[in-house]
Every structure is written in C-alpha cells, then in structure tokens.
Amino acid sequence: MRIAIQQESKLKNYAKLILAFSAIALCSCSRTQEPIIRYQYYTPAFRPHGPEAVYSRLTWSHLPQPIPRRAGSITAYVSPVYSLELPHSNFAEAIQAIAQTIGYECSYPQHVEGRAISIKTTGTIDELLLEIGKQAGVSVELNHEERIIRIVDDSALSGVAGSFFGGVLQGGLS
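Conventions and cut-offs
- Residues numbered from 1 in each chain as written.
- Predicted model: local features only at pLDDT ≥ 70, side-chain atom pairs only at ≥ 80, totals over all residues.
- Heavy atoms only, no water.
- Helix = DSSP H or I, 4+ residues; strand = E, 2+ residues; numbered from the N terminus.
- Expected span 1.5 Å × (residues − 1).
- Buried < 20%, exposed > 50% of the residue type's maximum accessible area, 1.4 Å probe, protein only.
- Arc of directions from axis to C-beta.
- Contact = heavy atoms within 4.5 Å.
- Pairing = 2+ DSSP bridges.
- Axes fitted to C-alpha atoms, helices over the stretch in contact; angles between N-to-C directions.

## What about helix α3 (residues 125-136)?
- For α3, built from 12 residues, the straight-helix expectation of 16 Å at 1.5 Å per residue is met to within 8% by its first-to-last C-alpha distance of 16 Å.
- Of the positions making up α3, those classed as buried are Ile125, Leu128, Leu129, Ile132, Gly133 and Ala136. Burial along α3 is one-sided: seen end-on, the buried residues are contained in an arc of 135 degrees.
- Looking at the buried positions of α3, the neighbouring elements they touch are β1 (82-90), α2 (91-102), β3 (116-123), β4 (138-143) and β5 (148-153).
- Following α3 by one or two positions, Gly137 adopts a phi angle in the positive range, close to 75 degrees.

Now the structure itself:
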C-alpha cells in the first residue's frame, strides 16, 4: 500500500508539475513583444532660387522710341463691310443708323429727312452712303477729319460748281 501511496503522490506531483509547466507556457506565450517604432525623416524641399514674382509691377516694357511714320500711299486702306437692311424707312433714320454705326455726326436739311428710303445691301460705308444718296436724290460728303456726314440737296447744287464743297462729287463720294 505504501507503494500505491507513493505512486499516487508521484502522480499528484507529476500532475502538479505538468499543470505548472502548462500555466507557465500559456502565460509566456500570451506576452507580446513591444512594437519597434521607426521614424522616417524626409528632407525639406528646396530650390536653388526663390519662386518667380507673380504680382510684380513691371515685368516687361517697350523701350522709348520715336513713333514710326504712317505708311500713307504704300498700303491700301481696308474698309470694314457693313450690312444695312431698312425696308420701309425714311432718309433721316437711314443716315442716323450709319452715323451711329461709325460714331460720326450727321447734318442734313430738314426738307430732306422725310424722303422714303428702302434699302437692303451690304458694302463699305462709302457704298452705303452712295446708295442712300441715290435713292434720296442728295449728295453725300463723308469728312473723316471732322467726323461728320454732310448731306446737300442736289437741287441746291444745280447752280453752284461742285468744287464749292471741296471734294463732293454729285452721285458719289470722294
């Protein structure tokens, strides 16, 4: 019996020993390693020169020089082409429309302003004024220096030489 008690106590000791080792093994396996922290350093951005000035007051300019001469007779004058469509109008409306288009003033006799005009054409200002002058029976002068359109009734020109108006051609423009 003594042997049985000894064997039983040995078994108890072995059980205790196995239980202790398993507890130690479980506790040691549950322990985690602390993470290794690594810091990454980036170099700051740099340039060999500073940034370009965005809001500078003067970046580029022309050097002072004399104004070049006008080409004059070397180059041809190119007139813009306009379209005029006034189907049932009078002379005053037609002349006012052209004068406002080119930014000129106009002067015409009062007895001419009510004459009927029916025009639908495309051309330069000179061609449009010539057509209006033909339909109304008047002579037209386009003065670019004074920026004015002058109208003279053909009946007033019948007794006066055409050179009196300095460049007015009856039935046409100069």
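Let's pick the thread back up.
## A look at the sheet that holds β5
- Ordered in space as β2-β5-β4, the three strands form an open sheet in which the pairing is mixed. Looking at which strands have only one partner, the edges of the open sheet turn out to be β2 (105-107) and β4. On average, each strand axis in the sheet is tilted by 15 degrees relative to the strand beside it, whichever way the strands run.
- Direction of pairing for β2 relative to β5: parallel, over a ladder of three bridges. Among the inter-strand pairings, Ser107 is bridged to a residue of β5, identified as Arg150.
- Running at roughly 155 degrees to β5, α2 makes contact with β2, β4 and β5 of the sheet.

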